[in-house]
Amino acid sequence: KNLIFAARLFLEGVRQENDPKKRKWKAFQAKDLYERSLSINPSNDSALVELGISHIYGGISETPMEGIEKIRKVLNKDSTNIYALMTLADASIFSGQYDKAIERLKKVNGLEPANLDAILKLADVYTTTGKKKEAIDWYNKSLSLIKRPDWKQEVEKRISELK
């Protein structure tokens, strides 16, 4: 638990770091801690997904596929792992592979219809790709799930802008 806790602190730093050298150093620290944790508990799927994230966003691999493969390993074991699906969807968005992101986010929505994060990301991807009708549909689906009035107002504003 301590290794995972420390690794997640470094991983969060990877996501927030603008300096490429510092980001890479933090990613290597996270990688080391996740690998040590996995040597103790190899069945920790979340640790394996987060190790993949370290590779993808930390720039510590020759190719992003090295990180993607770690996450796919989790999905090969459990194709319904929401964390792995969402992580691959985020990676697809990050790399501009919007069709793959849509496919993964729709799968998450099929498994968890009330997953607000997946619904909003679908709407955002459709907005990015210029598919206004689909974006509006997904934003509308999100409205019943949003509890905060200010967030709901922002989504309603996006819908109006798209119309």
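Everything that follows concerns the structure shown earlier in this document.
Residues numbered from 1 in each chain as written. Predicted model: local features only at pLDDT ≥ 70, side-chain atom pairs only at ≥ 80, totals over all residues. Heavy atoms only, no water.

**Student:** Help me understand helix α6 (residues 98–111), please; the structure alone is not making it clear to me.
**Tutor:** At 3.6 residues per turn, the α-helix brings residues three or four places apart onto the same side. Spanning 14 residues, α6 covers 20 Å between terminal C-alpha atoms, matching the ideal 20 Å at 1.5 Å per step. The complete set of buried residues in α6 reads Ala101, Ile102, Arg104, Leu105, Val108 and Asn109. At its buried positions, α6 is contacted by α4 (65–77), α5 (82–94), α7 (116–128) and α8 (132–143). (Helix = DSSP H or I, 4+ residues; strand = E, 2+ residues; numbered from the N terminus. Expected span 1.5 Å × (residues − 1). Buried < 20%, exposed > 50% of the residue type's maximum accessible area, 1.4 Å probe, protein only. Contact = heavy atoms within 4.5 Å.)

**Student:** Help me understand the layout of surface pockets in this model?
**Tutor:** Rolled over the atoms, a probe with the dimensions of a water molecule shows which regions are left empty. In this structure, the largest pocket encloses a volume near 200 Å³. Surrounding the largest pocket, 13 residues form its lining, Pro64, Ile68, Ala91, Ser95 and Gln97 being those nearest its centre. At the level of elements, α4, α5 and α6 are the ones that each hand at least two residues to the lining of the largest pocket. Top element by residues in the lining of the largest pocket is α5. It accounts for 4 residues. For the lining of the largest pocket, the per-class residue count stands at 7 nonpolar, 3 polar and 3 charged. (1 Å grid on protein atoms, 1.4 Å probe; cavity = no way out; pocket = protein on both sides within 12 Å on 5 of 7 lines; lining within 4 Å. Points joined across faces, edges and corners; volume = space filled by probe spheres on them. Nonpolar A, V, L, I, M, F, W, Y, C, P; charged D, E, K, R; others polar.)

**Student:** Before we go on, may I ask you to explain the packing of helix α1 (residues 2–16) against helix α3 (residues 45–58) in this structure?
**Tutor:** Each pair of packed helices can be summarised by the angle the axes make with each other and by the distance between the axes. Two elements in contact, α1 and α3, have axes separated by 10 Å at closest approach and are oriented at 30°. Taken together, α1 and α3 sit at an angle that is classed as roughly parallel. Of the two elements, α1 crosses α3, and the hand of that crossing is left-handed. In this structure, α1 uses Ile4, Arg8, Leu11, Val14 and Arg15 to contact α3, whose residues at the interface are Ser46, Ala47, Glu50, Ile53, Ser54, Tyr57 and Gly58. (Axes fitted to C-alpha atoms, helices over the stretch in contact; angles between N-to-C directions. Parallel < 35°, antiparallel > 145°, perpendicular 65-115°, else oblique. Left-handed = near helix turned anticlockwise from the far one by under 90°.)

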